[in-house]
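# Chain and residue survey
Listed below are the residues making up each chain.
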Amino acid sequence: MWLLTSGPTREHLDSVRFLSNASSGRMGFAIAEAALARDHEVTIVQGPVGLSPPPGAQILPVVSAIEMLENAARVLERGGVEALIGVAAVCDFRPARKLAGKPAKSEVSRHLDLVLNPDVLAELAARHLARVHVGFALQSMATPEEASAAFVAARSKLARKGLDAIVLNGAAAMESDESHAYWIPARGEDVDLGAADKMAHARRLVACIEELLTRR
Ligand code: CTP
């Protein structure tokens, strides 16, 4: 089975206000669809999005980063996960405490202490419960200087999170369906996936992950 984290996470300040990240969830669903088309079983630990998931994927809806971590860990502990793919745009911070109801904004601002969220993918990868672990790094690559810094940042995330490969994606992917992406494995040559839409990238990434699995 392939396990994905996907979409944004939300961190509630109170019952109605929350912090989140910009993420449509389309990349996660595209990878799920491409993996299902290759007859892989797919489970998605899914943050809140306004899209319908691909038919055939098992969806575990979550809101916060901690819920995402706990749900994905439960799936991994059951065994049988071949690939863990961290596509989610996890909100890096959460309020130190959630207030009840909808307090006045003056009350909320007096309690705006933020704490760092766990790194969901790094914590899961450290448990070594999937056969391969893959992450994403969305970096600005608008200039040659930014592009070379993006590779350095992506390789450092790959090592720091204990992954088998990371997908470096231009930050242009945030605004448009088309982006330039690179497959960066821990061992072996980088692959330039070219400029393509999310679905085309998803099919290529599924092939890269299958190849990674055959080398295990
Ligand atoms: N990720 C995660 N949990 C977090 C942050 C990131 O699981 N709290 C995962 C993402 O799903 C992605 C990868 O880690 O696969 C890289 O995310 P990114 O936001 O680029 O990494 P950060 O480690 O948060 O780096 P930065 O310091 O640049 O914010």
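All of these numbers come straight from a predicted model, not from anything done at the bench. (Residues numbered from 1 in each chain as written. Predicted model: local features only at pLDDT ≥ 70, side-chain atom pairs only at ≥ 80, totals over all residues. Heavy atoms only, no water.)

### Here we look at the overall build of the protein
- The helix and strand tally for the protein stands at six helices and 12 strands.
- Taking 2.2 N^0.38 as the reference for a compact globule, 216 residues should give roughly 17 Å; the C-alpha atoms of the protein span a radius of gyration of 17 Å, in line with that estimate.
- Summarising its shape, the C-alpha atoms of the protein cover approximately 55 × 45 × 30 Å along the three principal directions.
- Counting across all 216 residues of the protein, residues that qualify as buried make up 49%. (Helix = DSSP H or I, 4+ residues; strand = E, 2+ residues; numbered from the N terminus. Rg over C-alpha atoms; globule rule 2.2 N^0.38 Å. Buried < 20%, exposed > 50% of the residue type's maximum accessible area, 1.4 Å probe, protein only.)

### Overview of the site of the ligand
- Lining the immediate environment of the ligand, one finds 13 residues, of which Gly86, Ala88, Phe136, Lys157 and Lys161 sit closest.
- Between the ligand and glycine 86, the relevant distance is 2.6 Å, taken from an oxygen atom to a main-chain nitrogen or oxygen of the residue.
- Here proline 118 contributes a backbone N or O atom positioned 3.0 Å from a nitrogen atom of the ligand.
- Contact with the protein chains removes 73% of the 570 Å² of surface that the ligand exposes when unbound.
- Going through the elements one at a time, helix H4 (120–125), strand S9 (132–139) and helix H5 (144–160) are the ones with two or more residues in the shell around the ligand.
- Taken together, the residues of the shell around the ligand break down into six nonpolar, two polar and five charged. (Near = heavy atom within 4 Å. Polar contact = N/O pair within 3.5 Å; in protein donor to acceptor, adjacent residues only side chain to side chain. Areas by Shrake-Rupley, 256 points an atom, 1.4 Å probe, with all protein chains shown as cover. Nonpolar A, V, L, I, M, F, W, Y, C, P; charged D, E, K, R; others polar.)

### Section: helix H6 (residues 198–214)
- Spanning 17 residues, H6 covers 24 Å between terminal C-alpha atoms, matching the ideal 24 Å at 1.5 Å per step.
- Of all the residues in H6, the buried ones are Lys198, Met199, Ala200, His201, Ala202, Leu205, Val206, Cys208, Ile209, Glu210, Leu212 and Leu213. (Expected span 1.5 Å × (residues − 1).)

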